[in-house]
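Inside the fold
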Amino acid sequence: MFEALKPLPQDPILQLMQTFREDPRPDKVDLGIGVYKDDAGNTPIMAAVHEAERRLLDGETTKSYVGPAGSAGFNSAMAELILGSDSPLIRDRRMSVVQAPGGCGALRMAAEFLRRCKPDTTVWVSTPTWANHLPLLGGAGLTIREYPYLNPKTLQVEFAAMLETLEGAEAGDVVLLHGCCHNPSGADLSLAQWQEVTTLIQRKGLLPFVDMAYQGLGEGLETDAAGLRHLAGEVPEMLIAASCSKNFGLYRERTGALALVSATATITSAANSQLLSIIRSHYSMPPAHGAAIVETVLGDDRLRARWQGELTAMCERILHLRHAFAEALAPVGDFDFIARQRGMFSFLRISPEQVGRLRKEHGIYMLDSSRVNMAGLNDRVLPGVAAAIGDVLR
Ligand code: PMP
């Protein structure tokens, strides 16, 4: 049976990582892979995470099953992190949270849940969006449609076009929004724009689905969640997929959460029971370790403060690099948008051919789309990278 299968080409990001690893030039620069890096180019384990792990190792008494929803302590800590501890949705039990294997696991379980609600559900995603949204949501059988989001010339949000297209969505359609730090563009909605989208969603009876993969890495934990919280306060139903990969640096531990909001506690409880049965039929239960770390960190004042301090430093490093990069590129062209955007990613708006030249002639690696990871920069390589970009643009 297997002999009929054709080999698939390697994922372009993994291919790029491999080419980078094999490049012998000592001054090569990796702006490709989407993980946070410190000034030395490492993706370190956060100190608060390390300490929580040490405590877990000493204090853990069992490895017995956790159940499809994962840890209740993790789930309520995540509810508060996402919505704020004073959220009426938490108080009124209109929101339920399940632990998920990373943001990807949460996205896929949300898609399976939507299909159970309505098999012919349509999900509207931004153009562009994170490439994995398509297989994660489309693979569950949902129909994907696109709304304009990023103007490719100005690299700003085409908000009027976005609203106009969403006017054409039908009641019950799902709108996927990036909570903050839009991947791949870095162009986020302002709070005023979140308010306008919320009004449209309500008026047309659409279901908002927010992917929150970078809370704390844009401007801070609270500011980054402001749009999502506004939306959550206004609509009867909503889905939120959250990832702890970036803000806790737990990438390989596969830690995330899926939150479900509905109009009443009774509906939420019934919907959550459906979600649990979907989880049971996919991976049965989420992995425990990463969520136990998050629960430990968020549940201890001292560890939490330490984690927040580390997260703020990461966020400030990215903001600093954004400003320094835009400044270094000023003589080369209009790159001001880099300083205005948020999170790790921005497009440089250069052609695949110019991206190829950067790789070949200068050892600077980025995706063919020209998406760069700001965290791959540092003050030492920044002038050289800006000069190389100037070179390929000439
Ligand atoms: N959503 C977006 C927009 C992302 O960029 C990512 C990670 N790259 C995720 C979700 C999910 O990440 P993970 O499954 O590693 O938690």
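Residues numbered from 1 in each chain as written. Predicted model: local features only at pLDDT ≥ 70, side-chain atom pairs only at ≥ 80, totals over all residues.

The chain carries the name Aspartate/tyrosine/aromatic aminotransferase in an unreviewed UniProt entry, which gives Marinobacter orientalis as its organism. Under the Cofactor (unreviewed entry) heading, UniProt states for the chain: "pyridoxal 5'-phosphate". Per UniProt, the comment on the chain under Subunit (unreviewed entry) is "Homodimer." (UniProt positions renumbered as here; feature names shortened; annotations may be inferred.)

Topic: the overall build of the chain
In terms of regular secondary structure, the chain is built from 16 helices and 11 strands. On C-alpha atoms alone, the chain measures out to a radius of gyration of 21 Å, which is about the 21 Å that the 2.2 N^0.38 rule sets for 394 residues. By its C-alpha atoms, the chain is 65 × 55 × 55 Å across when sized along the principal axes. Sorting the 394 residues of the chain into buried and exposed places 44% on the buried side. Expressed as a percentage of contacts within the chain between residues at least 6 apart in sequence, the contacts between residues at least 24 apart total 75%. (Helix = DSSP H or I, 4+ residues; strand = E, 2+ residues; numbered from the N terminus. Rg over C-alpha atoms; globule rule 2.2 N^0.38 Å. Buried ≥ 20, exposed ≤ 12 C-beta atoms within 10 Å, placed from the backbone. Contact = placed C-beta atoms within 7 Å.)

Some details on the sheet that holds strand β7 (residues 238–243)
The strand order across the open sheet formed by seven strands is β2-β8-β7-β6-β5-β3-β4, and the pairing between neighbours is mixed. The sheet terminates laterally at β2 (95–100) and β4 (143–148), the two strands that pair on one side only. Taking each pair of neighbouring strands and ignoring which way they run, the sheet shows an average axis angle of 25 degrees. Lying on the sheet, helix α5 (residues 102–117) is in contact with β2, β5 (174–178), β6 (207–212), β7 and β8 (256–261); it crosses β7 at an angle near 160 degrees. (Pairing = 2+ DSSP bridges. Axes fitted to C-alpha atoms, helices over the stretch in contact; angles between N-to-C directions.)

Some details on the site of the ligand
In the neighbourhood of the ligand, 13 residues make up the surrounding shell, with G102, G103, C104, A213 and S243 lying closest. Residues belonging to the shell around the ligand are distributed by class as follows: four nonpolar, eight polar and one charged. (Near = placed C-beta within 6 Å. Nonpolar A, V, L, I, M, F, W, Y, C, P; charged D, E, K, R; others polar.)

Observations concerning unusual backbone geometry
The residue after T127, namely P128, is reached through a cis peptide bond having omega -5 degrees. Among the secondary structure elements, P128 is positioned in the loop between β3 (122–127) and α6 (133–138). Cis geometry is adopted by the peptide bond preceding P184, which originates at N183 and carries an omega value of 20 degrees. Take P184: it is sitting in the loop between β5 and α8 (191–204). At R93, a residue that is not glycine, the phi angle is positive and equals roughly 55 degrees.

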